Amino acid sequence: NACYNSLMHKAKSIVIDLVLLFIITTPAFFRILNNQYFSMHDDQHIVRLFLLDQGLRQGYIYPRWVDGLGFGFGYPLYNFYPPLVYYVAEVFHILGFSLIWSIKLTFILGFYLGAVGIYLLVKKLTNRLSGFLSSTLYVYFFYHAVLIYVRGALAEFFSLAILPFVFLTLANLANKTNWRNTIYFAITSALLILTHPLIALPTFIFLGFFFLFYLFQLKSNMKFIYLFILGIFMGLSLSAFFWLPSFFERKYTMTDQILTGE
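It should be emphasised that the depicted structure is a prediction, and the values quoted were computed from it without experimental measurement. (Residues numbered from 1 in each chain as written. Predicted model: local features only at pLDDT ≥ 70, side-chain atom pairs only at ≥ 80, totals over all residues. Heavy atoms only, no water.)

A. Representation of the overall build of the protein. When helices and strands are counted, the protein shows 13 helices and zero strands. Along the protein, helices and strands appear, N-terminal first, in the series α-α-α-α-α-α-α-α-α-α-α-α-α. Taken over the C-alpha trace, the protein has a radius of gyration of 20 Å; the compact-globule value for 262 residues is 18 Å, and the two agree within 12%. The dimensions of the protein, computed from C-alpha atoms along their principal axes, are 65 × 45 × 35 Å. When the accessible surface of the protein is summed, it comes to about 15,100 Å², and 71% of that surface belongs to carbon and sulfur atoms. With 17 positive and 10 negative side-chain charges, the protein shows a spacing of 19 Å between the two charge centroids. (Helix = DSSP H or I, 4+ residues; strand = E, 2+ residues; numbered from the N terminus. Rg over C-alpha atoms; globule rule 2.2 N^0.38 Å. Areas by Shrake-Rupley, 256 points an atom, 1.4 Å probe, with all protein chains shown as cover. Lys, Arg positive; Asp, Glu negative; His and termini not counted. Charge placed at Lys NZ, Arg CZ, Asp CG, Glu CD.)

B. Representation of a nonpolar patch on the surface. On the surface, Ile205, Phe206, Phe209, Phe210, Leu212 and Phe216 cluster together to form a nonpolar patch covering roughly 670 Å² of accessible area. Positionally, Leu212 belongs in helix α10 (residues 197-215). Residue classification places Leu212 among the partly exposed positions, given a relative accessible area of 38%. (Patch = residues over 30% accessible without salt bridge, like charges linked within 9 Å, V, L, I, M, F, W, Y side chains within 5 Å. Salt bridge = Lys/Arg side-chain N within 4 Å of Asp/Glu carboxyl O. Buried < 20%, exposed > 50% of the residue type's maximum accessible area, 1.4 Å probe, protein only.)

C. Expanded view of the pattern of salt bridges. Under the defined criterion, the tally for this structure stands at five salt bridges. Through salt bridges with shared partners, a single network forms among Asp17, Lys123 and Arg128.

D. Main features of helix α8 (residues 154-175). Helix length check: α8 (22 residues) gives 33 Å between terminal C-alpha atoms against 32 Å at 1.5 Å per residue, within 8%. At Ala161, α8 is deflected by roughly 30°, the largest bend along its length, and proline Pro164 occurs up to four residues later in sequence. With 20 of 22 residues buried, α8 is to be regarded as a mostly interior element. (Expected span 1.5 Å × (residues − 1). Bend = angle between axes of the 7 residues up to and from the residue.)

E. The side chain of Ser135, seen in detail. In this structure, Ser135 sits in helix α6 (residues 128-139). A relative accessible area of 0% places Ser135 in the buried class. With near-sequence residues (within four places) excluded, Ser135 lies in contact with Leu21, Ile24, Ala115, Ile118 and Tyr119. (Contact = heavy atoms within 4.5 Å.)

F. Summary view of helix α4 (residues 84-94). In terms of burial, α4 is a largely internal element, eight of the eleven residues being buried. Among all positions of α4, only Leu84, Val85, Tyr86, Val88, Ala89, Glu90, Phe92 and His93 are buried. For α4, the secondary structure elements touched by its buried residues are α2 (45-57), α3 (77-80), α5 (99-125), α8 and α9 (179-195). Phi for Gly96, located one or two positions after α4, is positive at around 115°.

G. Molecular detail of the nonpolar core. Tyr86, Phe107, Phe185 and Phe224 are the most contacted members of the largest nonpolar core, which has 69 residues in total. The greatest single-element share of this core, amounting to 15 residues, is contributed by α8. In contact with Phe224, other than residues within four places in its own chain, are Leu170, Leu173, Ala174, Thr177, Phe211, Tyr214, Leu215 and Leu218. (Core = buried A, V, L, I, M, F, W, Y, C linked by side-chain atoms within 4.5 Å.)

H. Representation of the packing of α2 against α4 within the structure. Where α2 contacts α4, the axes come no closer than 10 Å and their chain directions differ by 75°. The angle between α2 and α4 places the two elements in the roughly perpendicular class. Judged by residue contacts, His45, Arg48, Leu49, Leu52, Asp53, Leu56 and Arg57 of α2 engage Tyr86, Tyr87, Ala89, Glu90 and His93 from α4. Considered class by class, the residues forming the contact of α2 with α4 number six nonpolar, two polar and four charged. (Axes fitted to C-alpha atoms, helices over the stretch in contact; angles between N-to-C directions. Parallel < 35°, antiparallel > 145°, perpendicular 65-115°, else oblique. Nonpolar A, V, L, I, M, F, W, Y, C, P; charged D, E, K, R; others polar.)

I. Region of the structure containing the side chain of Thr195. Structurally, Thr195 can be placed in helix α9. For Thr195, a relative accessible area of 0% corresponds to the buried category. A distance of 2.6 Å separates the side chain of Thr195 from the backbone oxygen of Leu191, its partner in a polar contact. (Polar contact = N/O pair within 3.5 Å; in protein donor to acceptor, adjacent residues only side chain to side chain.)

J. Main features of the packing of aromatic side chains. Counted according to the given criterion, the structure contains 23 aromatic pairs. Aromatic side chains Phe185 and Phe228 sit 5.7 Å apart centroid to centroid with 25° between the ring planes, which places their arrangement in the stacked category. Residue Phe185 is found in helix α9, and its partner Phe228 is found in helix α11 (residues 221-238); the two are separated by 43 residues along the sequence. What makes Phe185 buried here is its relative accessible area of 0%. For Phe228, a relative accessible area of 10% puts it in the buried group. On the basis of an interplanar angle of 65° and a centroid distance of 5.4 Å, the ring pair of Phe213 and Tyr214 is categorised as edge-to-face. (Phe/Tyr/Trp six-rings, centres within 6.5 Å; stacked < 30°, edge-to-face > 60°.)

Structure, rendered in C-alpha cells:
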C-alpha cells in the first residue's frame, strides 16, 4: 500500500506539473488558434508538408527528392533540409488534421516541449520553483516570438524545444553512467541534428563544456568519458542518413555561391 500510494502521489505530481506548464505556455500560441494561416518570412511549410505527405503515400519512407518544385523539374528538398519537424507535422496530418492545423499544432508542440524540457532540466539542477520560472522565461524569450511570428523558422524553433532534453540526458548520464542513459543521450542528439544541424553544431561545443564540468566531479571518469563519446557517435550514426549525403553532395548545389554572393 505504501508503494502504491507513493506511485500515485508521484503520478499526480507529474500530471499537475504538466498541466501547469501547459497553462503557462498557452498565451504564447493562443493567437493562432483559428482556421487561418498567418504571414511570415518562411511561408513554405504547407507545401513542404504536402510534398512529404505525397512522397510517403507513394511508398517512400524518406523521399529525398520531391516533385512540383524547381519549375516542375523536382527538387532535392529533404536531401538538404532537415526533415524531422515535417515528420512531426505529418503525424498530425495522418491523425486527420488539415495541413494548416498540422503545422500550427507543430508550433504549439514546440512551445510546450521546450517548456517541459527546460522545467525538467532546471528542476534536476536546482528545484521545482526554479524550474517553473525558467520554463516561463524560456517560452516568452523574445527570440521564440521572432522565430514563429516573424521569421517562421519552424525547424530552428523546434530545435529549441529539443535542446533542453539533450542537456538533460547528458546530466542524467553524468548522474548514472549506464547504457540506458547513453541511448537516451544519443537519441536526443540525433533528433537535434535531424531538426536543425546548424543549431546542433554549436550545441556540441557547449556539450563539451558540460562534459568537462561533470568530468571533474565524477570519480569513475573513464566510464563517463567512454559513454559520452559513444553517445555522440551513436547520435551521429542515427542521423547519418540525413547529414552524410547532405555533406558530401553539397558540392553539387549552389549553396556557397548563394550564401556568399547574395
